[in-house]
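Residue strings, one per chain:
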Amino acid sequence: MTEPAFASADAVAPEDKRKKLLHLLGLVVIIAALGWAVWYWLTQSGRIHTDNAYVGADTAVVTPLISGPVKEVRVGGTQTVAKGDVLVVLDDADAQVDLANAEAMLRQAEQRFRQTLATGTAFRARLTARGADTAQAEAHLAAARADAEKARAALARRESLAPSGAVSQEELATARAAYAQTRAVEEQARAAIATAQATRASAVGELASNEALTQGVSIETAPDVAAARARLAQARLNLDRTIIRAPISGVVTQRQVQVGQRIQAGAPIMTLVPLDAVFVDANFKESQLRDVKPGQKVELTADFYGSDVTFHGTVKGFAGGTGAAFSLIPAQNATGNWVKVVQRLPVRITLDRRELVEHPLRVGLTMTATVDTRDK
């Protein structure tokens, strides 16, 4: 009877040990689960992730403002340039000719204005002279009237004496001829006055026309001179535009210009990418964006550097629509069968510039973004 009792005790011992191990394992699992829950609540709760994020930048497309043949190309692809650096030099021969022509036209316009001022002085002198001519003609008319009146009186006396024979017919004819001559001189004086008055009126008109061109303006404000000065400024501007400079600092990309090529105004010749001002567009699902607000902190990693380098950024704002809404062929959900597809909305994220200096990014690189929505 004692041997089975010992056997039963030996069988119970392993079973108790197994239960203890199971209990211990369960306790470890529970502790691990609690630890993971605490870790998730402390570090991951309220954080949303996406690996659908890409680096972007407000690039500058360099275009010439004038047409012309390329004389020099001073930069190459991937080269870093600063704002104001010379990128391309155009042949300036035509611009130099246009500048010289504009300078000559300005001098000519100034000369014409000075001539107009001098002409005004001449017109005033002429008007004074015409006034004197009129006064002289009026004096001649007065003298002619007096002579005519004297001749008329002499003719009247002789005509009154002619019946008595005291005056000969020859003397009477002479008196009549003298009177007619004085009348002709009087009419001639009247015509001279009309001519002088017309000439004076013409001088008044010429002076008025000249003063309309010069009154209230100087050589600086005269319309013709101002227009010539504007053409000169445009010629100088076109000459300056033969040197194409970098509008921003960045890296040269998509260079499409060569020496000797004739480029047209407005044609893109290269693109500048500002590496110190790149941003990230993270495409989150619409169901993830409930608690995302501008100003929240973002942690990002780039496949270019791996998980060892972490970038820090800030949510700047949201796009005006989803990618599907602005696609070349938008979805027509109001026609045919419809299957709901969760949409993604681009979220603009600005990056820390100091980190970009240490670890530069390139446009188009993929990123993984994590937004901490607990900071509301």
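Since this is a predicted model, take the numbers as computed values, not measurements.

S.K.: Which parts of the structure should I look at to understand the sheet that holds strand E3 (residues 68–73)?
M.R.: Within a sheet, adjacent strands bond to each other through the backbone by hydrogen bonds, running parallel or antiparallel. Across the sheet, four strands lie side by side as E6-E5-E3-E8; this open sheet has antiparallel pairing. The open sheet is flanked by strand E6 (243–245) and strand E8 (262–263), the only strands paired with a single partner. In the sheet, E3 pairs with E8 via two bridges, with the strands oriented antiparallel. Counterpart to Pro69 in the pairing with E8 is Arg262.

S.K.: Looking at this model, I keep getting lost on the sheet that holds strand E2 (residues 60–62). Mind explaining?
M.R.: Ordered in space as E2-E9-E7-E4, the four strands form an open sheet in which the pairing is antiparallel. The open sheet has two free edges, formed respectively by E2 and strand E4 (80–81), since each of these has just one partner strand. As paired elements, E4 and strand E7 (residues 250–253) share two bridges and run antiparallel to each other. Within E7, the position partnered with Val81 by the bridge is Gly250.

S.K.: Just checking my understanding: could you explain the nonpolar core for this structure?
M.R.: The nonpolar side chains of a soluble globular protein tend to be buried, and buried together. Core analysis: the biggest nonpolar cluster contains 29 residues, and Leu300, Ile349, Leu361 and Met367 have the highest contact counts within it. Those elements that place two or more of their residues in this core are strand E1 (47–56), strand E10 (279–285), strand E11 (297–302), strand E12 (306–318), strand E13 (344–351) and strand E14 (366–372). Top contributing element to this core by residue count: E13, with four residues. If we ignore the near neighbours within four places in the chain, the residues touching Met367 are Thr50, Asp51, Asn52, Ala53, Val55, Val280, Leu300, Thr301, Ala302, Phe311 and Leu361. Of all hydrophobic cores here, the second largest spans 18 residues; its members include Ala60, Leu87, Val252 and Val257.

S.K.: Looking at this model, I keep getting lost on the pairing of strand E9 (residues 270–273). Mind explaining?
M.R.: It is a general feature of regular strands that their side chains alternate between the two faces of the sheet. Covered by surrounding structure in E9 are Met270 and Leu272 together with Thr271 and Val273, the residues of both alternating faces. Two strands pair when backbone bridges link them, and E2 and E9 are joined in this way by three bridges, in the antiparallel orientation. Looking across to E9, one finds that Val61 is bridged to Thr271. Taken together, the three bridges between E7 and E9 define a ladder with antiparallel strand orientation. Opposite Thr253, over in E9, you have Thr271 as the bridge partner.

S.K.: Explain the pairing of E11 to me, please; I cannot follow it from the model alone.
M.R.: Side chains of E11 alternate between two faces, with Val298, Leu300 and Ala302 buried and Lys297, Glu299 and Thr301 left unburied. Where E11 and E12 come together, five bridges link them in antiparallel fashion. The partner of Ala302 across the bridge, within E12, is Gly306. Relative to E14, E11 runs antiparallel, the two being bridged by five bridges. Bridge pairing in E14 links Thr301 to Thr368.

S.K.: Whenever I open this one, the pattern of salt bridges confuses me. Can you help?
M.R.: Under the definition given, this model contains five salt bridges. Here Asp352 makes a salt bridge to Arg354, at a shortest N to O gap of 3.4 Å. With relative accessibility at 64%, the residue Arg354 sits in the exposed group.

S.K.: Can you walk me through the environment of Asp98 in this structure?
M.R.: Looking at where Asp98 falls in the secondary structure, it is placed in helix H2 (residues 93–161). Accessibility expressed as a relative area gives 46% for Asp98, which makes it partly exposed. With 136 residues separating them in the primary sequence, Asp98 and Gln234 have C-alpha atoms 9.4 Å apart.

S.K.: Would you mind showing me how to read helix H4 (residues 223–240) here?
M.R.: At 3.6 residues per turn, the α-helix brings residues three or four places apart onto the same side. Spanning 18 residues, H4 covers 25 Å between terminal C-alpha atoms, matching the ideal 26 Å at 1.5 Å per step. Turning to H4, its buried residues are Val225, Ala228, Leu232, Ala235 and Leu239. Around the axis of H4, the buried residues are gathered within 80° of arc, so they sit on the same side. With respect to the buried face of H4, the exposed residues turned more than 90 degrees away are Pro223 and Asp240.

Each value, and the rule that gives it
- Residues numbered from 1 in each chain as written.
- Predicted model: local features only at pLDDT ≥ 70, side-chain atom pairs only at ≥ 80, totals over all residues.
- Heavy atoms only, no water.
- Pairing = 2+ DSSP bridges.
- Helix = DSSP H or I, 4+ residues; strand = E, 2+ residues; numbered from the N terminus.
- Core = buried A, V, L, I, M, F, W, Y, C linked by side-chain atoms within 4.5 Å.
- Buried < 20%, exposed > 50% of the residue type's maximum accessible area, 1.4 Å probe, protein only.
- Contact = heavy atoms within 4.5 Å.
- Salt bridge = Lys/Arg side-chain N within 4 Å of Asp/Glu carboxyl O.
- Expected span 1.5 Å × (residues − 1).
- Arc of directions from axis to C-beta.

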